[in-house]
Amino acid sequence: MLNIVLFGPPGAGKGTQSQMLVDTFSLHHLSTGDIFRFNIKHETELGKLAKSYIDQGNLVPDEVTINMLQAEVEKHPEAKGFIFDGFPRTTNQAVALDRFLESKGTSVGLMLALQVDEDELIKRLLLRGKDSGRADDSDESVIRNRIRVYNEQTAVAADFYAEQGKFHAINGVGNIDEIFNRLRSVIVEQSK
Ligand code: AMP
């Protein structure tokens, strides 16, 4: 089983690259952001709870997010492996994911961290906001808050994987295929 954490700030290209990785490596894509948006759209209790955090660019509390992620993994016993996109976003979440996967007899194999500078992120997110319909992509102050939250609460989770020798930094600037090839090379190399 191959489990990959695709890590990086908002706008780094995690969603786009996940789609390409799913097609190439036959993994199941789990994006916590997508799952929250699905719940918001369908006005579930989870969606109502998550909305206030997401609209302001803050993190949904760990307990809620971890429980949701675990339930999603449980729904796919047939999966050959998972791409975790946008999860973990705190060290707490990373620890919980490790414990959970261990209880299933598996683990995170690789953590791939897309690196993109802040000006480029803001440019990409504002552009995406024009047609994504995402409120959190349309307001520059919310975008800046998401990047601040990433720097203050999420970036540190990379250390957890670095300590395990699983962290790989990937240049996230360039065209989509170039970036994909960088990711693919690391996965192929590390899977040998
Ligand atoms: P994303 O689509 O990954 O950019 O996520 C959109 C928003 O969903 C984030 O700004 C957070 O408010 C929330 N979110 C997504 N994943 C997580 C997570 N792992 N922990 C907490 N909040 C999350």
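The shown structure was predicted, so the numbers you read here are calculated from the model rather than taken from an experiment.

J.: Explanation requested: the pattern of salt bridges in the structure shown.
T.: A side chain with one charge may pair with a side chain of the opposite charge, provided their charged atoms come close. Scanning all chains against the criterion turns up 16 salt bridges. Put simply, E120 and R124 hold a salt bridge, and the shortest N to O gap is 3.0 Å. In this pair, E120 and R124 are both assigned in helix α6 (residues 118–132), 4 residues apart and thus about one turn of the helix distant. Taking the relative accessible area as the measure of exposure, R124 reaches 21% and is therefore partly exposed. Across the pair R146 and D137 runs a salt bridge, and its minimum N-O distance is 2.8 Å. The class for D137 is buried, based on a relative accessible area of 0%. Look at the salt bridges and you will find they share partners, linking R128, R134, D136, D137 and R146 into a network.

J.: What should I look at first to understand the sheet that holds strand β1 (residues 4–7) in this one?
T.: Across a sheet, strands are paired by hydrogen bonds formed along the backbone, either parallel or antiparallel in direction. Taken in spatial order, the 5 strands line up as β2-β3-β1-β4-β5 in an open sheet, and their pairing is parallel. Of all the strands in the sheet, the pair left with one neighbour each is β2 (28–31) and β5 (167–171). Across the sheet, the axes of successive neighbouring strands diverge by a mean angle of 20 degrees, strand direction being ignored. Lying over the sheet, helix α1 (residues 14–25) contacts β1, β2, β3 (82–85) and β4 (110–115), oriented at roughly 175 degrees with respect to β3.

J.: Looking at this model, I keep getting lost on the site of the ligand. Mind explaining?
T.: Looking at the ligand, there are 16 residues lining it, with T32, R37, N58, G86 and R89 nearest. The backbone of N58 places a nitrogen or oxygen atom 2.6 Å from an oxygen atom of the ligand. The contact in question runs from a nitrogen atom of the ligand to an N or O atom on the side chain of Q93, over 3.0 Å. For the ligand, the protein covers 96% of the area, taking 480 Å² as the surface of the free molecule. With respect to the detected pockets, the ligand is housed in the largest pocket. Among the elements that take part in the shell around the ligand, helix α2 (residues 32–41) stands out by supplying 4 residues, more than any other.

About the cut-offs
- Residues numbered from 1 in each chain as written.
- Predicted model: local features only at pLDDT ≥ 70, side-chain atom pairs only at ≥ 80, totals over all residues.
- Heavy atoms only, no water.
- Salt bridge = Lys/Arg side-chain N within 4 Å of Asp/Glu carboxyl O.
- Helix = DSSP H or I, 4+ residues; strand = E, 2+ residues; numbered from the N terminus.
- Buried < 20%, exposed > 50% of the residue type's maximum accessible area, 1.4 Å probe, protein only.
- Pairing = 2+ DSSP bridges.
- Axes fitted to C-alpha atoms, helices over the stretch in contact; angles between N-to-C directions.
- Contact = heavy atoms within 4.5 Å.
- Near = heavy atom within 4 Å.
- Polar contact = N/O pair within 3.5 Å; in protein donor to acceptor, adjacent residues only side chain to side chain.
- Areas by Shrake-Rupley, 256 points an atom, 1.4 Å probe, with all protein chains shown as cover.
- 1 Å grid on protein atoms, 1.4 Å probe; cavity = no way out; pocket = protein on both sides within 12 Å on 5 of 7 lines; lining within 4 Å.
- Sits in = over half its atoms within 2 Å of the grid points.

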